[in-house]
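If you want the building blocks of each chain, they are given just below.
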Amino acid sequence: MSTPRGSQVSSFMRKGVLEVPSPTEKDWPKDDEDDYVFIDLGEEVDPLPQPYRMINKMVNLLFDKCWDVIQEREARRKVEFSQTQPTIYAPLIESKLNKMPNCMAISQDYVFIGGAKGFSIYNLYSAKRVYGWEKLKVDVTSIWATDLGSEILIVPVDEMGIARLFYFYKDGLFLIKAINEVDDASKQTTCVKVEISQGGGFVAFLLQGAGDTWLDVYKLPKESWLKEVEHPQPALNPKKKVRQPQPNALEPVTSEDLETDMMVCFRGDIKLSLPVHIMKIKPPKPVTGTTFKSPLEIFAKVEDYYGLGSGQNHFIKDSQWEQQAAIFHASYRKDPDTEWEEEPLSMATFHFLLPSSMIAMPAEVKSPSGVACVLGIHWPGNHNFFLYSLHRTLKDKVDPESVWPCAAPITVSQLSCTCTYLALACEDGVLTLLDLAEGFPLGVIALPKGCSCQSIHFLKYFLVHKGKNMYPENPLKSQMKCVVLCTDSSLYLLTARGTQGPSISVLAERPIKHLDEAICAVAPVQALPGMLLVFYGNGSLQLMDVAKPQIICAFALPRTYHLVVPWKPLFVVSVQHPCFLLRGDHPDETESSNTKDSQSSVFYFNLEAYPLLENLSKNHTIPEADMTENAAFAQVLPLEKRCERFLQKRFQKLEKAAKEQEHCARIRRYSLLLQRENFRK
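Residues numbered from 1 in each chain as written. Predicted model: local features only at pLDDT ≥ 70, side-chain atom pairs only at ≥ 80, totals over all residues. Heavy atoms only, no water.

**Remarks on the overall build of the protein**
As a reminder, the rule being used: Here a strand is any run of E in DSSP of at least two residues, a helix any run of H or I of at least four, and the numbering for each starts at the N terminus. Buried, partly exposed and exposed residues are distinguished by accessible area as a fraction of the type maximum, computed with a 1.4 Å probe on protein chains only: under 20%, between the cut-offs, and over 50%, respectively. In what follows, a contact means two residues having at least one pair of non-hydrogen atoms within 4.5 Å. A 1.4 Å probe and the Shrake-Rupley method give the accessible areas. Residues count as covered only by the protein chains that appear here.
Scanning the protein from terminus to terminus reveals eight helices and 39 strands. Evaluated residue by residue, the protein yields a buried proportion of 40% over its 681 residues. Put simply, 55% of the contacts in the protein that link residues at least 6 apart link residues at least 24 apart. Of the accessible surface of the protein, which amounts to about 41,400 Å², a share of 54% is contributed by carbon and sulfur atoms.

Right, dumping it as structure tokens:
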């Protein structure tokens, strides 16, 4: 007979797991009152029917996850309270903008901000607007600025992919040329990337169009520009009828509403010399079967051994390629019905290199010191780093002068700001460090297992003197330091010194639990020795000393502002001055429908104005005399200095020994004279 649920029925039940008793009574356990528990059968829970049972499970799971999050946050809060929090500094100047900026660049004492319908020029110190060129129908998405001495070369690229060359000199802004603008919109090409050589002698544009990608290289007549600006000649002919300006024409803009003490105007009446197109570089052709009948034809194809190593001239037949491809597909291909397609060459990395003994150049070509002579480029998925001479015309055949092959496809390459060192990172995590000035490799080093390079940042070489990071008075040869940011957000410091081989040290491990603490971007502060700006995924910004390594301080925007895209912040760091600019936005304004017209601000951080960094920016140079006298810096000195120091010490020892011998000889002579005098007496 069963008792219905809810009736007042109770029973005693034994604790623990019930067991089968032994056959003999003497082995039976003795009953104890503590072994039983009183259970009210009316308190048992009825099983819920569906779908309420599933809802109950989901609610319980939700509560369990919330409790785990609460415990994790409490543990993190306890860890944060136990750690020493860095000092947080606020920006010094806020420059409010009517439109959201898309890009920024710094050159000399000016800031160039690209945004809606053009770009604006601001004074770096006063944060006041100097001039605004807003004559486009689309926004400017990227901008580059290069110091030419007393002038500045500006290259903005708009949303349509059109690149324009501007020349900024004193109080005038001059438009040189729209590089890839055409009348037929169907034939319009897109500029993806721009690179300007040191000193502004050459410029290269990576263009795309009609499914192709290529690189256009121009030579810039900057000497002619300076003469034409100082002695202007109007381009308009009064005898000819002047065409009415179009809506998108480039006209002077009045600057009555500009908050500035300096008057800058757009000089559209002066036409400057156009850049000279010297070279068009296309991606290397895919390696296919040979068409040569003998190896002698291959050697005849390669003239003066230029381009040797590119893999284009070989003696491998189509049947051999097909056989190797079949073996590879049978071993690694899972689905035989699908076809593998190569990635399109949508992006390339290129650098302008100075004359070096590592670069093979024709004997008749002579390049002045400090002027770029070679363009180095590598394409995605390619093992080779191609070198093209800049001393050519558009009619010359475009073949690489040299090819530097690597064991794996090159993913990242970086050239130091002085064009002295070059770093090549391959797909397998191996980095090659080259000293272009001295003409020899500094070494090859591999990142930890599972790490692949995301970006490379060169640091100006510094030394630790009396617990402080300091720059040598004179640049040291074959001494370099760079920071490598990996795709897993880990950060490493690479140091290479002559022939000793490079070394690697960990600056920050990859986050495991808290993914919002992942490093998104880094930027060296060249004005402060060994200092690095580190941006995190949670929007925080800190200054790291890579020599220790430790966090010196942190920077934060005002509470009403935040970073719209924390993993890709919009900032720019000055190379000459200890300052950087950072864009901030209001949360309510960024969520509005019209983001282009929302108000944003650019915040100015002057590192010299903060107490903790004031001493770092002053007296950060080691005199050469201190380096010579200090034995700790003996290994970083050049070989000539070390030999000179050794010979000087040797000469000083010999001179001291000679003086001691001369002094002893004088004492002996004096003693002999005294003995003679005593003998006479």
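Next, the rest of the story.
**A closer look at the sheet that holds strand 10 (residues 151-158)**
Formally: Only strands that DSSP links by at least two bridges are regarded as paired with each other. In this analysis an axis means a line fitted to C-alpha atoms, helices contributing only their contacting stretch, and an angle means the value between N-to-C directions, from 0 to 180 degrees.
With respect to topology, five strands assemble into an open sheet ordered 9-10-11-12-16, the strand pairing being mixed. The open sheet has two free edges, formed respectively by strand 9 (140-147) and strand 16 (265-266), since each of these has just one partner strand. Sheet topology places strand 12 (residues 172-178) next to strand 16; two bridges connect them, and they run parallel. Looking at strand 16, one finds that G172 is bridged to C265. Contacting strand 10, strand 11 (164-169) and strand 12, helix 2 (residues 222-230) crosses the sheet at an angle of about 55° to strand 11.

**Focus on a nonpolar patch on the surface**
In plain terms, the rule: Without a salt bridge and with relative accessible area above 30%, a residue can belong to a patch; like charges are then joined within 9 Å and nonpolar side chains (Val, Leu, Ile, Met, Phe, Trp, Tyr) within 5 Å. Salt bridge criterion: a side-chain nitrogen from Lys or Arg within 4 Å of a carboxyl oxygen from Asp or Glu.
The grouping of L48, Y52, I55, V59 and F63 at the surface amounts to a nonpolar patch, some 510 Å² of accessible area in total. Topologically, L48 is positioned in the loop between strand 2 (36-40) and helix 1 (52-82).

**Examining the sheet that holds strand 29 (residues 479-486)**
Strand order in this open sheet of four strands is 26-29-30-31, and the pairing throughout is antiparallel. In this open sheet, the two edge strands, each paired with only one partner strand, are strand 26 (453-459) and strand 31 (503-508). Ignoring which end each strand starts from, the neighbouring axes of this sheet average 25° apart. Alignment of strand 26 against strand 29, held across six bridges, turns out to be antiparallel. Residue pairing for strand 29: S455 is matched across the bridge by L485.

**Some thoughts on empty space enclosed by the protein**
Gaps left between atoms are located by rolling a probe of water-molecule size over the structure's atoms. Put simply, the test is: Think of a 1 Å grid over just the protein atoms. A cavity is a set of points where a 1.4 Å probe fits yet cannot get out, a pocket is an open set with protein on both sides within 12 Å along at least five of seven lines, and lining residues have an atom within 4 Å of a point. Grid points are joined across faces, edges and corners, and a volume is the space filled by probe spheres set on the points. Amino acids are sorted into nonpolar (Ala, Val, Leu, Ile, Met, Phe, Trp, Tyr, Cys and Pro), charged (Asp, Glu, Lys and Arg) and polar (every other residue, Gly among them).
Taken as a whole and judged by the stated rule, the model has two cavities of 30 Å³ or more. Roughly 100 Å³ of internal volume is contained in the largest cavity. Along the wall of the largest cavity there are 13 residues; nearest its centre are S95, Y122, A127, L581 and V602. When contributions to the lining of the largest cavity are tallied by element, the ones reaching two or more residues are strand 4 (93-97), strand 6 (110-115), strand 7 (118-123) and strand 38 (600-606). Of the residues belonging to the lining of the largest cavity, the class tally is ten nonpolar, two polar and one charged. Together, L459, K460, Y471, P524, V525, Q526, L528, G530 and M531 line the second largest cavity. The class makeup of the residues in the lining of the second largest cavity is six nonpolar, two polar and one charged.

**Some points on the packing of aromatic side chains**
Put simply, the test is: We call Phe, Tyr and Trp rings a pair once their centres come within 6.5 Å, taking the six-membered ring for Trp, and we label the pair stacked below 30 degrees between planes, edge-to-face above 60, and tilted otherwise. Two conditions define a charge located above a ring, namely a distance within 6 Å from the ring centre to NZ of Lys or CZ of Arg, and an angle within 35 degrees of the ring normal.
All told, the structure shown has 18 aromatic pairs when counted by the stated rule. Here the aromatic rings of Y561 and F603 are separated by 4.9 Å at their centres, their planes lie at 80°, and the arrangement is edge-to-face. A residue pair is termed long-range when its members are at least 10 positions apart, and Y561 in the loop between strand 35 (550-555) and strand 36 (571-573) and F603 in strand 38 qualify at 42 residues. Comparing Y561 with F603 shows no difference in burial state: the two are buried. Taken together, the ring pairs in this structure connect Y89, F555, F580, F605 and Y610 into an aromatic cluster. If you follow K460 out to its NZ or CZ, it ends over the ring of Y471, 4.5 Å from the centre. Above the ring of F462, the side-chain terminus of K481 is found at 3.9 Å from the ring centroid.

**Considerations on the confidence of the model for the protein**
Applied cut-off: What pLDDT reports is the predictor's confidence in each residue, on a scale of 0 through 100.
The predicted model of the protein averages 80 in pLDDT, with 74% of residues at 70 or higher. Within the protein, strand 1 (residues 10-14) has the poorest average pLDDT of any element, 54, and strand 26 the best, 95. Every residue in residues 1-9 is under pLDDT 50, and counting partners more than four places away or in other chains gives nine contacts. Low pLDDT, under 50, characterises residues 336-344; the stretch is placed with five contacts to residues that sit more than four places away or in other chains.

**Structural notes on the state of the cysteines**
Stated precisely, the cut-off is as follows: Here, a disulfide means two cysteine sulfur atoms that sit within 2.5 Å of each other.
Overall, the coordinates contain zero disulfides when judged by the stated rule. C419 supplies the cysteine sulfur nearest to C417, a cysteine that is in no disulfide, at a spacing of 8.1 Å.

**Remarks on the pattern of salt bridges**
Under the definition given, this model contains eight salt bridges. With a closest N to O distance of 3.8 Å, R164 and E181 form a salt bridge. Of this pair, R164 sits in strand 11 while E181 is found in the loop between strand 12 and strand 13 (190-196), placing the two residues 17 residues apart along the sequence. Two residues, R392 and E401, come together in a salt bridge whose shortest N-O distance is 2.9 Å. Linked through salt bridges whose partners overlap, the residues forming this network are D158, R164 and E181.

**Focus: unusual backbone geometry**
Looking along the chain, the bond that leaves Q50 and enters P51 is cis, with omega of 5°. Note on placement: P51 falls in the loop between strand 2 and helix 1. The phi torsion at Q108 lies on the positive side, around 55°, for a residue other than glycine. The topology assignment puts Q108 in the loop between strand 5 (103-107) and strand 6. The exposure class assigned to Q108 is buried, which follows from its relative accessible area of 17%.

**Quick look at the side chain of Q526**
With respect to the helices, strands and loops of the structure, Q526 is situated in the loop between strand 32 (519-525) and strand 33 (531-536). Overall, Q526 belongs to the buried group, its relative accessible area being 16%.

**Remarks on the side chain of Q542**
How we decide: A 3.5 Å cut-off defines polar contacts: any pair of N or O atoms within that distance qualifies, except that in protein one atom must be a possible hydrogen donor and the other a possible acceptor, and neighbouring residues in sequence count only when both atoms are side-chain atoms.
Among the secondary structure elements, Q542 is positioned in strand 34 (residues 541-545). Classification of Q542 as buried rests on a relative accessible area of 17%. A polar contact of 3.2 Å, which involves the side chain of Q542, links it to the side chain of Y536.

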